[in-house]
Amino acid sequence: MTGRVAVVTGGTGALGRAITSTLLEAGGSVAIPYAVPEELKELEARLAPELRTRLLALPADVTREDAMGKFVHAVRDRHGRVDGLVNAVGGFAGGDLLSTSLAEWERMMALNLTPTVIACRAVLPVMIAGGGGRIVNIASRAVLSPQGGFIAYTVSKAGVITLTQALSQEVKKHRVTVNAVLPSTMDTPGNRRAMPDADRSEWVRTEDVAHVVAFLLSERAAAVTGASLTV
């Protein structure tokens, strides 16, 4: 990642921190739009001073197109380019179809699908002008064989996969690749709190997901696009 610039939405969350740290340790520069100052402080605390010099964190609402447009403009002003985009912002809600209110349904779309669309729209013109780039969207392995019980989340993440596949065809001619990473249950503080009695032996480490994301952002993955990689 040396010399490359990546935007990571959700970069202060549990997975986002792992992705941001991995990319910085690999020599890249990372820009994250953040909403919770405490989460940003937690991220910065885990980074060595040298790595913090290559981190650009700016407050921005990833659900608003104007805010993300201003954020990407600031990244371009600082670095002159954007080589990669990781859409790691998102949320989870349980509930079957009948028990899920329309407001909760729309919230899942607003957290998982709409910010991915907004970020892609903001970053793609900069990538195309620069001769290409890499986009990695975070979906969910639960989408592959939906079990029910968290239907709004499942459908919103399925939308991320379909977006990935369609967009990969639209931007292939511009040397931009678009791929999705589908983690199974990750070992995060939030999941531990939500499922305190679960068997965590097969949960996925966020660092392992981050390594897959880093590969897809690299030149070694230039021939991979439209893929959905399970972790």
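Above this note sits the structure.
Described in the following lines is the structure provided in the data block.

Thresholds applied
- Residues numbered from 1 in each chain as written.
- Predicted model: local features only at pLDDT ≥ 70, side-chain atom pairs only at ≥ 80, totals over all residues.
- Heavy atoms only, no water.
- Core = buried A, V, L, I, M, F, W, Y, C linked by side-chain atoms within 4.5 Å.
- Buried < 20%, exposed > 50% of the residue type's maximum accessible area, 1.4 Å probe, protein only.
- Helix = DSSP H or I, 4+ residues; strand = E, 2+ residues; numbered from the N terminus.
- Contact = heavy atoms within 4.5 Å.
- Salt bridge = Lys/Arg side-chain N within 4 Å of Asp/Glu carboxyl O.

Overview of the nonpolar core
In this structure, I19, L23, V213 and L217 are the most contacted members of the largest nonpolar core, which totals 30 residues. Elements represented by at least two residues in this core include exactly strand 1 (5-9), helix 1 (14-25), strand 2 (29-34), helix 2 (37-45), strand 5 (133-138) and helix 9 (206-217). Here this core gets six residues from one element, more than from any other, and that element is helix 9. With residues up to four places along the chain from it excluded, the contact list for L23 reads M1, A6, V8, G28, V30, A214 and L217. Listed in part, the 26 residues of the second largest apolar core include L56, A60, I118 and M127.

Some remarks on the pattern of salt bridges
Any two side chains of opposite charge can pair if their charged atoms end up close together. Overall, the coordinates contain nine salt bridges when judged by the stated rule. A salt bridge links R4 to E219; the nearest nitrogen and oxygen atoms lie 3.2 Å apart. Taken together, the residues span a long stretch of sequence, with R4 in the segment before strand 1 and E219 in the loop between helix 9 and strand 7 (228-230) at a distance of 215 residues. For R4, a relative accessible area of 16% gives the class buried. Relative accessible area serves as the criterion here: at 47%, E219 is assigned to the partly exposed category. A salt bridge links R54 to E50; the shortest N-O distance between them is 3.0 Å. Looking at R54, the relative accessible area reads 17%, which means it is buried.

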